[in-house]
Amino acid sequence: MKPNFNHFLLLGFLIFQSGFAVGQSISVSHPSGRYDLPFYLRLDSSVELRYTLSGNTPSPASPLFPDSLLIGFQYPEDNYCLIPTNEIEYNTKSWRNREFGWRPPVQEVDKLHVVRVRGFANGRAMTALLTLVYQINPESDKLPIVSIVTDSANFFDEEIGIYVPGIYYDEENPSWSGNYCLKGDQWERPASFSYFHPDGSLALSQEVGVRIHGGATRICPQKSLRVYARGSYGKESLEFPFFGQNAPQEFSRILLRSGMSYWFERNTIFQDEYLLKLIGTFYPDLDVQLSRPAQMFLNGENWGMVAVKERIDEYYLAAHYNLPREEILFIEPTVDRIEEFDKILQLC
């Protein structure tokens, strides 16, 4: 099925709404992060504040933020992890169904508190969208936490959701069809990205764009994501040393790689990252993608382990070699560009 232009007009309106702000501020009693004990969240602004706990963007019809909101051990009943993310039924009768089949979590998933707030006056948005993420847990994790918060429709809607088979799934072409197989700007969705140190302290939080990343693994239950920093979302780059002080400190885009492509083959998630680490150790002059493991949460729900990873593209070359990005011609060896790629190889 071909993409419907009206769907993208609707999506464009939603993206415009999510980025609209006039400049009023919101003061926050507790910044995002981990807290040992429950607490009461208090907000203050010169305009009325509306909020959600589901990850969706507040509207003038959302509940008014109370004088204080208890952040404790009770979580919203939304369970996005129960939404099937492909059309493959899990069973052990075939390799495909065993390795690619979707099935619900075997136990209750861990959750974070997600509070999204926006100020309104006379039905008009008067503040930037504020996204707060909290973990109530006195124990430190061994891994960083990556939080992606977005309107649920952006990932799970039948028409515009990028994480589900949706209306573009074709039963006659199950491996290469579905909303998650579509690419390009029209299939990028706005989201709030937060990165927490293993001790629970907030390292980075900003608005970004998110797309599905990968090839055949797009049909997997857990999908890889590509995160874009853009001026239209607020900042042109993600300014944080994800991979240490000796690596680039700013990133225009990064990957949240699920590792499904190796999970089903050898029961490991980080085989690719482990091998790249070995290669970089023994051959330090050879370029490799830097990465580190993290725990990902989507709209407050534990979404499994991912590798936070560099993406090899013109931005990667510009950052590692201090080159002007606009002077870099980056050609991926796709089927329709094999001849161009071969010409480059002949020059090597």
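These remarks concern the structure in this document. Everything numeric in this text was worked out from a predicted model, so none of it was measured. (Residues numbered from 1 in each chain as written. Predicted model: local features only at pLDDT ≥ 70, side-chain atom pairs only at ≥ 80, totals over all residues. Heavy atoms only, no water.)

## A look at a negative patch on the surface
Let me state the cut-off plainly: Nonpolar side chains (Val, Leu, Ile, Met, Phe, Trp, Tyr) within 5 Å and like charges within 9 Å form the patches, drawn only from residues with over 30% relative accessible area and no salt bridge. Using a 1.4 Å probe, accessible areas were evaluated by the Shrake-Rupley method; residue-level cover was limited to the displayed protein chains. Definition used for salt bridges: Asp or Glu carboxyl oxygen within 4 Å of a side-chain nitrogen of Lys or Arg. Charged-residue counts in this description rest on Lys and Arg as positive and Asp and Glu as negative, His and the chain ends being excluded. Charged groups are reduced to one reference atom each: NZ for lysine, CZ for arginine, CG for aspartic acid, CD for glutamic acid. Under the DSSP-based scheme used, a helix requires at least four consecutive residues in state H or I and a strand at least two consecutive residues in state E, with every element numbered from the N terminus. Accessible area is worked out with a 1.4 Å probe on protein chains only. A residue is then buried under 20% of its type maximum, exposed over 50%, and partly exposed in between.
Together, E87, E158, E159, D170, E171 and E172 line one region of the surface with negative charge. By the secondary structure assignment, D170 is in the loop between α3 (152-156) and β11 (189-196). By relative accessible area, D170 is classed as partly exposed at 34%.

## Concerning helix α6 (residues 314-321)
Side chains of residues three or four places apart in an α-helix project in the same direction, reflecting 3.6 residues per turn. Worth spelling out the cut-off: In the analysis that follows, any N or O atom pair within 3.5 Å is treated as a polar contact, provided that within protein one partner can donate a hydrogen and the other can accept it, and provided that, for residues neighboring in sequence, both atoms belong to side chains.
Between the side-chain oxygen at the start of α6 and the backbone nitrogen of Y315 there is a gap of 3.0 Å, and the oxygen is on D313. N322 occupies a position one or two residues after α6 and carries a positive phi of about 55 degrees.

## Description of the pattern of salt bridges
Under the defined criterion, the tally for this structure stands at ten salt bridges. Between R50 and E48 there is a salt bridge, with the nearest N and O atoms lying 3.2 Å from each other. E188 is paired through a salt bridge with R211; the nearest N and O atoms lie 2.8 Å apart. Taken as a pair, E188 in the loop between α3 and β11 and R211 in strand β12 (residues 202-213) lie far apart in primary sequence, 23 residues in all. As far as the burial class goes, E188 and R211 line up, both buried.

## Looking at unusual backbone geometry
Leave glycine aside and you will find that most residues have negative phi; peptide bonds, for their part, are mostly trans. Look at N122: it is not a glycine, yet its phi comes out positive at around 55 degrees. For N122, the location among the structural elements is in the loop between β7 (113-121) and β8 (124-125). Phi at N322 takes a positive value of approximately 55 degrees, unusual for a residue other than glycine. When you line up the elements, N322 lands in the loop between α6 and α7 (338-347). When its relative accessible area of 72% is taken as the criterion, N322 is described as exposed.

## So, the pairing of strand β18 (residues 301-310)
Using the following cut-off: Any two strands with at least two DSSP-identified bridges between them are counted as paired.
Most of β18 is tucked away, with eight of its ten residues classed as buried. Across four bridges, the pairing between strand β16 (residues 253-257) and β18 is antiparallel. Within β18, the residue paired with L255 across the bridge is K309. Alignment of strand β17 (residues 291-298) against β18, held across seven bridges, turns out to be antiparallel. Residue pairing across strands places P293 opposite A307, the latter belonging to β18. Between β17 and the antiparallel strand that follows it, β18, lie two residues; N299 among them carries a positive phi value of about 50 degrees.

## A closer look at a nonpolar patch on the surface
Nonpolar side chains collect at one region of the surface, where Y274, L275, L278, I279, F282, Y283 and L286 lie side by side and expose about 750 Å² of accessible area between them. Considering the arrangement of structural elements, one finds L286 in the loop between α5 (271-282) and β17.

## Examining the nonpolar core
What counts, and what does not: Nonpolar cores were defined as sets of buried Ala, Val, Leu, Ile, Met, Phe, Trp, Tyr and Cys residues, with membership established by side-chain atoms within 4.5 Å.
Core analysis: the biggest nonpolar cluster contains 43 residues, and F193, L238, F242, L256 and V308 have the highest contact counts within it. Contributing elements (two or more residues each) for this core: β10 (145-149), α3, β11, β12, β13 (224-228), β16, β17 and β18. Ranked by residues supplied to this core, first place goes to β12 with four residues. Judged by nonpolar contacts, the second largest core, of 16 residues, contains I26, Y35, L49 and V115.

## Let's talk about the sheet that holds β11
The condition that has to hold: Between N-to-C directions, angles cover 0 to 180 degrees, with each direction set by a line fitted to C-alpha atoms, over the stretch in contact for helices. In this description, contact between two residues means that some pair of their heavy atoms is separated by no more than 4.5 Å.
Reading around the barrel, the seven strands line up as β10-β11-β12-β13-β16-β18-β17 and close back on themselves, with mixed pairing between neighbours. Looking at each pair of strands side by side, their axes are set apart by 40 degrees on average, direction ignored. Direction of pairing for β13 relative to β16: antiparallel, over a ladder of four bridges. Bridging from a neighbouring strand, L225 pairs with L256 of β16. In the packing of α5 onto the sheet, contacts are made with β16, β17 and β18, and the angle to β18 comes to roughly 30 degrees.

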